[in-house]
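Commentary on secondary and tertiary structure
Residue strings, one per chain:
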Amino acid sequence: MSMVSRFAASVAFWTAAVSAVLVAVASLRFLALGVSASMDFVAHNLDGNALMLYAHIGVAPIALALMPFQFMTRLRARRPKLHRWLGRGYVAAVLVSGLAGLQLAFHTTAGIFAATGFALLAVLWMITTGIALVFALQRNIPRHRAWMLRSAALTFAAVTLRVYLGSSMAAGLDFQTAYPLIAWLCWLPNAVFMEVYLLVRPKSSRLVSAAA
Ligand code: HEM
């Protein structure tokens, strides 16, 4: 890798890592403010579907916050046990919040197109993470890495969703129109980007070894 591409990879990694942790922390605002005051468009779930709502909004931020640490090469090399424990936490958080997210998808007030986008995301999130776990248990590290990168690209939908939502509001787009599209746009380009990266990366390159 040239100096310039190492620098670009480093900037990309740290931008993604910091935004993931910031969105995770900001998502826990409901603990201080309550759901109705801080995320009113999911507050209808409080009536009869509160367990699933809290399982999702309380646990998904843990997966998002843990994710960047798992790709830090030096941390992984120096503290392999920590990598395994954080990995277990990530997989458990994806399973719990993914199942809850799947159920919440069917309760969205944004319509069937949005529900399908979120539901497919939830299913793919759990499948990619599950496959990555199986490869870790088999000590097949190249495949474990590739599937965890796929999982991470989907976890990052939590960040891209908020970026697109903010941008669409700033652009004055109608929320009712923008939100269902964003339910797909928040993850589909991320997934495609990761597939392309996995196809074109030089065999010797390591996305974040250059960065972390
Ligand atoms: C990647 C798989 C994910 C799926 C399938 C998913 C699905 C959903 C669904 C269906 C809703 C309700 C939306 C509505 O009723 O219109 C929701 C809301 C929410 N999700 Fe997720 N989610 C995922 C990942 C995450 C992650 C990683 C976080 C971590 C921050 C997160 C945090 C939240 C929060 C805080 C809300 C409440 C509304 C808001 O503040 O935007 N989700 N999610």
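Coordinates for the structure precede this section.
What you see is a predicted model, and the numbers here were worked out from it, not measured in a lab.

Structural notes on the overall build of the protein
Scanning the protein from N- to C-terminus turns up 11 helices and zero strands. The helix and strand sequence of the protein, counted from the amino end, reads α-α-α-α-α-α-α-α-α-α-α. The C-alpha atoms of the protein give 17 Å as radius of gyration, which agrees with the globular expectation for 212 residues (17 Å, within 12%). Principal axes of the C-alpha set define a box for the protein whose edges measure 50 × 35 × 30 Å. About 11700 Å² of surface is accessible on the protein, with carbon and sulfur atoms providing 72% of the total. With 17 positive and 4 negative side-chain charges, the protein shows a spacing of 31 Å between the two charge centroids.

A short note on unusual backbone geometry
A positive phi is found at Arg139, a non-glycine position, where the angle reads about 60 degrees. As for its placement among the helices and strands, Arg139 is situated in the loop between helix 7 (112-137) and helix 8 (141-155). Taking relative accessible area as the criterion, Arg139 reaches 57% and is therefore assigned exposed.

Here we look at the layout of surface pockets
Volume-wise, the largest pocket comes out at about 940 Å³. If you go around the largest pocket, you meet 41 residues; those closest to its centre are His56, Phe118, Leu161, Arg162 and Tyr179. Put simply, the parts of the chain that give the lining of the largest pocket at least two residues each are helix 1 (3-27), helix 4 (50-70), helix 6 (80-105), helix 7, helix 8, helix 9 (157-170) and helix 10 (175-185).

Here we look at the site of the ligand
The environment of the ligand is made up of 23 residues, and the closest members are His56, Thr108, Phe118, Arg162 and Tyr179. One of the side-chain N or O atoms of Arg29 is found 3.4 Å from an oxygen atom in the ligand. In the model, an oxygen atom of the ligand is placed 2.7 Å from a nitrogen or oxygen of the Thr108 side chain. Structurally, the ligand is housed in the largest pocket. At five residues, helix 4 tops the list of elements feeding residues into the shell around the ligand. Partitioning the shell around the ligand into residue classes produces 16 nonpolar, five polar and two charged.

Re a positive patch on the surface
The grouping of Lys81, Arg84, Arg88 and Arg139 at the surface amounts to a positive patch. When you line up the elements, Arg88 lands in helix 6.

Looking at the coordination of the iron atom of the ligand
With respect to protein ligation, the iron atom of the ligand binds only His56 (NE2), at 2.0 Å. Within the secondary structure, His56 sits in helix 4.

Remarks on the packing of aromatic side chains
For the structure on display, the rule yields eight aromatic pairs. Relative to Tyr179, the ring of Phe175 lies with its centre 5.1 Å away and its plane at 20 degrees, an arrangement referred to as stacked. Placement of both Phe175 and Tyr179 in helix 10 is noted, with a separation of four residues, approximately one turn of the helix. Taking the relative accessible area as the measure of exposure, Phe175 reaches 33% and is therefore partly exposed. Here Tyr179 falls in the buried class, since its relative accessible area comes to 9%.

The rules behind each value
- In this convention, every chain numbers its residues from 1, walking through the sequence in written order.
- Reporting in this predicted model follows two pLDDT cut-offs: at least 70 for local features of residues, and 80 or more for side-chain atom pairs to be given and counted; totals over whole chains, interfaces and linings ignore these cut-offs and use all residues.
- Hydrogens and water are ignored here; the side-chain numbers use all heavy atoms of the structure.
- Where helices and strands are cited, they refer to DSSP runs of H or I of at least four residues and of E of at least two residues respectively, numbered from the N terminus.
- For this measure, only C-alpha atoms enter the radius of gyration; the expected value for a globule follows 2.2 Å times N^0.38, where N is the number of residues.
- The method behind every accessible area is Shrake-Rupley, applied with a 1.4 Å probe, and residues are considered shielded solely by the protein chains displayed.
- Charged-residue counts in this description rest on Lys and Arg as positive and Asp and Glu as negative, His and the chain ends being excluded.
- Every charge is mapped onto a representative atom, which is NZ of Lys, CZ of Arg, CG of Asp or CD of Glu.
- Partly exposed describes any residue whose relative accessible area lies between the buried limit of under 20% and the exposed limit of over 50%, with all areas from a 1.4 Å probe on protein chains only and scaled to the type maximum.
- Definitions used for this entry: grid spacing 1 Å over protein atoms alone; cavity, a set of points where a 1.4 Å probe fits but cannot get out; pocket, an open set with protein on both sides within 12 Å along at least 5 of 7 lines; lining residue, one with an atom within 4 Å of a point.
- Grid points are joined across faces, edges and corners, and a volume is the space filled by probe spheres set on the points.
- If a single non-hydrogen atom of a residue is within 4 Å of a molecule or strand, that residue counts as near it.
- In protein, a polar contact means a hydrogen-donor-capable atom and an acceptor-capable atom, both N or O and within 3.5 Å, with residues adjacent in sequence counting only if both atoms are side-chain atoms; elsewhere, any N or O pair within 3.5 Å suffices.
- Each molecule is checked against the cavity or pocket grid, and it sits inside if more than half of its atoms lie within 2 Å of the grid points.
- Residues are grouped as follows: Ala, Val, Leu, Ile, Met, Phe, Trp, Tyr, Cys and Pro are nonpolar; Asp, Glu, Lys and Arg are charged; all remaining types, including Gly, are polar.
- Like charges within 9 Å and nonpolar side chains (Val, Leu, Ile, Met, Phe, Trp, Tyr) within 5 Å are joined into patches, using only residues over 30% in relative accessible area that form no salt bridge.
- For salt bridges, the criterion is a side-chain nitrogen of Lys or Arg within 4 Å of an Asp or Glu carboxyl oxygen.
- Metal sites are built from N, O and S donor atoms within 2.8 Å, or 3.2 Å for Na, K and Ca, and they leave out water, so they may look incomplete.
- Note on aromatic pairs: the rings of Phe, Tyr and Trp (six-membered ring only in Trp) are paired at centre separations within 6.5 Å, and the planes decide the class, stacked below 30 degrees, edge-to-face beyond 60, tilted for the rest.

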